[in-house]
Amino acid sequence: MPHISNFRLLFSSSTSSPLRPLTTLLPSNLRRHCSVFSPLRSSSSPGSRRDSYSPSFTRRGESTFVDRDRHSKGLPMDETKSLGFNKKRAEGRDGNGLPKKELQLKKRPRANPVSTISYVQILGTGMDTQDTSPSVLLFFDHQRFIFNAGEGLQRFCTQHKIKLSKIDHIFLSRVCSETAGGLPGLLLTLAAMGEEGMSVNIWGPSDLKYLIDAMKSFIPNAAMVHTKSFGPTSGRAAMNTELDQFKDPVIILEDDVVKISAVLLWPRELVRVESPIGCVDVSSSILEGENRNAFGLKPGDMSVIYICELPEIKGRFHPERAKEKGLNPGPEYRELQLGNSVFSKNLNIMVHPSDVMDPSIPGPVVLIVDCPTKSHFWRLSSLDSLSNYYSVLSSEESQKNVSCMIHLSPISIISDPDYQTWMKRFGSAQHVIAGHEMKNAEIPILSASARISARLNYLCPQFFPAPGFWSSKQSGLSLDSSFSYKDISDPRKITSAENLLKFNLRPRDKIGLDRSIIPNTLTASKTIDELLTEIPEIAEAAENVRNLWDPNRKGEEENNTLQEEPWLNENKLPNCLENIRRDDLEIVLLGTGSSQPSKYRNVSSIYVNLFSKGGLLLDCGEGTLGQMKRRFGIEGADNALRGLSCIWISHIHADHHAGLARILAQRRDLLKGLPHDPLLVVGPRQLKRYLDAYRRLEDLDMLFLDCRHTTESSLSAFEEFLQSPDSEMPSPPRSPSTQQGLFTLGSPMQSCWKRPGVSPDISMAFPILKSMKKVLREAGLDSLVSFPVVHCPQAYGVVLKASQRVNGLGKLIEGWKVVYSGDTRPCPELTEASRGATVLINEATFEDGMVDEAIARNHSTTEEAIQVGAAAGVYRIILTHFSQRYPKIPVFGESHMHKTCIAFDLMSINIADLPVLPRVLPYLKLLFKNEMAGDESEDVLEESVGVTY
């Protein structure tokens, strides 16, 4: 997988020929249409076979112009075979005729419960970003159990070489974006491993069905067939008798090495009861017996305590004692060892196991506690089902000593004196506090990524302002909210969770905390010292980079470390950048990788920072929230979320939208109780099916708009409607053939409805389009226009155009134009949309030597991405969405590098700095000159090479 350590940025002309003029690459019969750049194969792969994917293309001679019917359905135009794209994939038919995978559960050998190694371990605790619930790994030699799968779990495991292919079961303590945000990506990764793919058992409270229903819109059903939920059904009134069924622990799994039980929690809040004066709300805690009526459980109310019990170790069998009791070796000895009593015929007595064996040693017990609110704690504290685990209340015969308790509850709950009193009931248990405890807030979750960010920040803080290592003051955290131990009798039994912290369970002589593999603490100063030792000339390079922003700089001195490339002087400043302000626009590349999160690159997401006017997100892959916090700090990211105007999603593949629910949920919580409008989400219609299903689980406080209603044709129809004399918002049409009102025969809008590219149900979107117009106006934007691209069904790119402005002399200056390609092959729609753009953010998934793969998956090579920008006369081209499947970056030639840059995670490009952008490129080459290609090869999930979303 490509990561920054491999980005040596070898822009050498000796290894790559300059790009030929675009018109010379077009077929002769299409050169007269050279104003439109069609998808084509890279000229850098002369040996590639054009017929490799011939079944996926249209026949030669079919029309090369836009098929209006297909265009109106959100599909890009058909092309001839020689133009090179996978038609079946673009239409969603690439899986037709292939046998469906039947994902298999992994078969594990039986384990010896005594000799197996076992421990619980903390994975990905929030620390510096506080953006997700930590995961807990229960490890056995031949089995793995994961509790919670929040965003970033895959990326964390990749960095620390934890093989997700070994996971057998995933348990959710709650069903929400905080605990399950990483589940979609994890299931897709496992489904793509090996030839047959893999599946896991997924366990959770009854709310799990809502999450599964939502994920079906983009995850194969085969990946979720082993899903099991338990507990009362939420979303309706649950009678008291129904709730009583779940007062005792529910045994959900039991095998040779562990028994896992679930204890359900639900909030004890207000219950509606009938009285002589009508229905009234009464606290459920004061109702008993028949006076208690139906309890309204909402989706998301259920929480789970998981009890993990390892089997006891049988005491030593003493054959000499058995012989004294008149027993003979063989079946009689075996029955005693199995715990059964045996009658001695020689002595005419009953022999019990305790007569011939040492006492059994109880197996360790682990409790994983997630108590999200005070209302849940009221129930938790009164649970009789946990009494056997209380050291002070249980009888000696039934007592089960708890070895370790991992608290996922929020610090506000854990710090409550009542909760701490409850913790004391478990005697000598070791407590691990993992609920976003602030003590370790300055320790990054992804240390390797933080290290690279710190290096980039040292070299060029203008484009890489994220420091990599945030102090509490920088991030906006208050350490005053740290957990207080004052109410715990033995503070040694309380510890803050750290990443990879273990509590050993077996072998018995090693039981207890194990800090041996906790990563060494890195600091920014230590990282920079290492960099200066490794590349001494980087200090001078950093000074030269600073000089690029010096207005008095007259040129590089002769003894500079690096000489600028000749093409750096080929720039012409566009009119829109005249007297541009720094608070006008900043493009923040939050995620620049494809397919799945990796060690150095997260999946797709771009934050368009409009400063005081808010901001937009273009795509929202898993981990977007964490990336925003790494870029802006916790307080700064929260402010950015509050100011979000719109989220635009390019297509339904998970690496572009799996972080959406987490972002929406966080924004909802931040604005709770404050006046605000629902957030506008623009995306393909399959995304609406996902969001509609997910909103049954938790409110997302959003308004959805289909991308096809934001195309140029649809927006033109909307503008015509607004200008028509009778412009009342129409009611939704019943069908194209029977609709009344706005588009009826003879109406002013009838011709608009028949216009190519206009959706028949456009009138349904008019109220939301009116809201979008208001949102754009407040953001200082003139337009947001989607256009279809060649990737998968309903895949789009987007154009953002800023409003015009007036300079100090009263001159009218056009607004900037930013184009984002989404995922696509080079296509006419992208080129046309990019004409005259200030910035084109273009996907460049594959290197130039992988044209066949690019065509098969409908992605672009780096050379093709640059060609599109050059053909459209774009001022700056930003390449992103690099493939995670190989550990090297493509080799570039010199052509058009005066306008191109390579995106890195957290790179922040201010519009005022666009003229300087290419000049930083030689210094980035220097920064990564010692990085060896392939250093990531051992860190990736080998089984998942080839996974795509």
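Reading the values: rules and limits
- Numbers given to residues run from 1 along each chain, matching the order in which its sequence is written.
- Only residues with pLDDT of at least 70 are given local features in this predicted model, and only at 80 or more are side-chain atom pairs given and counted; all residues enter the totals for whole chains, interfaces and linings.
- For the side-chain quantities, the full set of heavy atoms in the structure was used; hydrogens and water were omitted.
- Each helix is a run of DSSP H or I of at least 4 residues and each strand a run of E of at least 2, with the numbering of both proceeding from the N terminus.
- Throughout this description, buried means an accessible area under 20% of the type-specific maximum (1.4 Å probe, protein chains only), exposed means over 50%, and partly exposed covers the range between.
- Using the Shrake-Rupley algorithm and a 1.4 Å probe, accessible areas are obtained, with residue cover drawn only from the displayed protein chains.
- Strands were regarded as paired on the criterion that DSSP finds at least two bridges between them.
- The axes used here are C-alpha line fits, helices contributing only the stretch in contact, and every angle between their N-to-C directions lies in the interval 0 to 180 degrees.
- We call two residues in contact whenever any of their non-hydrogen atoms come within 4.5 Å of each other.
- In this description, a nonpolar core means a group of buried Ala, Val, Leu, Ile, Met, Phe, Trp, Tyr and Cys residues linked to one another through side-chain atoms lying within 4.5 Å.
- Any angle from 65 to 115 degrees is called roughly perpendicular, while one under 35 is roughly parallel, one over 145 is roughly antiparallel, and all others are oblique.
- When residues are grouped by polarity, Ala, Val, Leu, Ile, Met, Phe, Trp, Tyr, Cys and Pro land in nonpolar, Asp, Glu, Lys and Arg in charged, and all others, Gly among them, in polar.
- A side-chain nitrogen of Lys or Arg and a carboxyl oxygen of Asp or Glu constitute a salt bridge if their distance falls within 4 Å.

**Student:** Would you take a moment to explain the overall build of the protein for this structure?
**Tutor:** Scanning the protein from terminus to terminus reveals 28 helices and 38 strands. Counting the 949 residues in the protein, one finds 59% classified as buried. Within the structure as shown, the protein displays about 38500 Å² of accessible surface, and the carbon and sulfur contribution to it stands at 50%.

**Student:** For this particular structure, what's the right way to read the sheet that holds strand β38 (residues 907-910)?
**Tutor:** Pairing between sheet strands relies on hydrogen bonds along the backbone, with the strands arranged either parallel or antiparallel. On the basis of which strands lie adjacent, the open sheet formed by 7 strands has the order β29-β28-β27-β26-β25-β24-β38 and mixed pairing. Two strands lie at the open edges of the sheet, namely β29 (702-706) and β38, each paired on one side alone. When the angles between neighbouring strand axes are averaged without regard to direction, this sheet yields 20 degrees. With 5 bridges joining them, strand β28 (residues 679-683) and β29 adopt parallel strand pairing. Along β29, the bridge assignment pairs Leu-680 with Leu-703. Here helix α24 (residues 762-778) sits on the sheet and contacts β27 (644-648), β28 and β29; the angle it forms with β29, its principal contact strand, is near 110 degrees.

**Student:** So what exactly am I meant to see when it comes to the nonpolar core here?
**Tutor:** Side chains that are nonpolar tend, in soluble globular proteins, to be buried together. If you look at the biggest cluster of nonpolar residues, it comprises 100 residues, and the most contacted ones within it are Leu-459, Trp-648, Leu-769, Trp-816, Ile-841, Met-907 and Ile-909. With 7 residues, the single largest contributor to this core is α24. Excluding anything up to four places from it in sequence, Trp-648 contacts Leu-617, Leu-618, Asp-619, Val-682, Cys-707, Leu-784, Ser-786, Tyr-796, Gly-797, Val-798 and Tyr-820. One finds Leu-211, Ala-223, Ala-640 and Leu-700 within the second-largest nonpolar core, a separate group that totals 76 residues.

**Student:** How should the packing of helix α7 (residues 208-215) against helix α21 (residues 685-694) be read in this particular structure?
**Tutor:** Packed helix pairs are specified by the crossing angle of their axes together with the interaxial distance, meaning the distance between the axes. One can describe the packing of α7 onto α21 by two numbers: an axis separation of 8 Å at closest approach and a directional angle of 175 degrees. Between α7 and α21, the angle is such that the two are roughly antiparallel. Contacts between α7 and α21 involve Tyr-210, Leu-211, Asp-213, Ala-214 and Met-215 from the first element and Tyr-690, Ala-693 and Tyr-694 from the second. Along the lines of polarity and charge, the residues of the contact of α7 with α21 split into 7 nonpolar, no polar and 1 charged.

**Student:** Help me out: how do you make sense of the pairing of strand β18 (residues 365-369) in this one?
**Tutor:** On a regular strand, each side chain points to the face opposite its neighbour's, so the side chains alternate between the two faces of the sheet. Burial of β18 is extensive: 5 of the 5 residues sit out of reach of the surface. Along β18, one buried face is formed by Val-365, Leu-367 and Val-369 and the opposite face, lined by Val-366 and Ile-368, is buried too. Strand direction decides the pairing type here: strand β15 (residues 303-309) and β18, joined by 4 bridges, are antiparallel. Across the sheet, residue Cys-308 finds its bridge partner in β18, namely Val-366. Of the pairings in the sheet, the one linking β18 to strand β19 (residues 404-407) comprises 4 bridges and is parallel in character. Within the sheet, the bridge partner assigned to Ile-368 lies in β19 and is Ile-406.

**Student:** Explain helix α12 (residues 374-381) to me, please; I cannot follow it from the model alone.
**Tutor:** If you check which residues of α12 are buried, you get Ser-375, His-376, Phe-377, Arg-379 and Leu-380. Residues of α12 that are buried sit in contact with β11 (259-265), β15, β18 and α14 (417-424).

**Student:** It is not clear to me how the pattern of salt bridges should be interpreted in this structure. Could you clarify?
**Tutor:** When charged atoms on two side chains of opposite charge get close, those side chains can pair. By the definition in use, this model includes 30 salt bridges. Here Asp-213 ties to Lys-216 by a salt bridge, and the two come within 3.7 Å at their closest N and O atoms. The class of Asp-213 is partly exposed, set by a relative accessible area of 35%. Judged by its relative accessible area of 45%, Lys-216 is partly exposed. The partner of Asp-701 in a salt bridge is Arg-667, and the shortest N-O contact between them spans 3.7 Å. Taken as a pair, Asp-701 in the loop between α21 and β29 and Arg-667 in helix α20 (residues 660-670) lie far apart in primary sequence, 34 residues in all.

**Student:** Is there a simple way to think about the sheet that holds strand β5 (residues 169-171) in this case?
**Tutor:** Within the open sheet, the 8 strands sit side by side as β8-β7-β5-β4-β3-β2-β22-β23. Their pairing is mixed. Unpaired on one side and paired on the other, β8 (227-230) and β23 (512-514) mark the two borders of the sheet. On average, each strand axis in the sheet is inclined to that of its neighbour by 25 degrees, with strand direction left out of account. Here 6 bridges tie strand β2 (residues 118-123) to strand β3 (residues 135-140), and the two strands are oriented antiparallel to one another. Among the inter-strand pairings, Val-120 is bridged to a residue of β3, identified as Leu-138.

**Student:** Would you mind showing me how to read unusual backbone geometry here?
**Tutor:** Peptide bonds are mostly trans, and most non-glycine residues show a negative phi. Residue Pro-507 is reached from Arg-506 by a cis peptide bond, and omega for that bond is 5 degrees. Inspection of the secondary structure assignment puts Pro-507 in the loop between β22 (502-506) and β23. For Asn-348, which is not glycine, the phi torsion reads 55 degrees and is therefore positive. Asn-348 sits in the exposed class, given a relative accessible area of 57%. Notably, Asn-579 is not glycine yet its phi reads approximately 50 degrees, a positive angle. Along the chain, Asn-579 turns up in the loop between α18 (538-547) and β24 (586-591). Owing to a relative accessible area of 54%, Asn-579 belongs among the exposed residues under this scheme.

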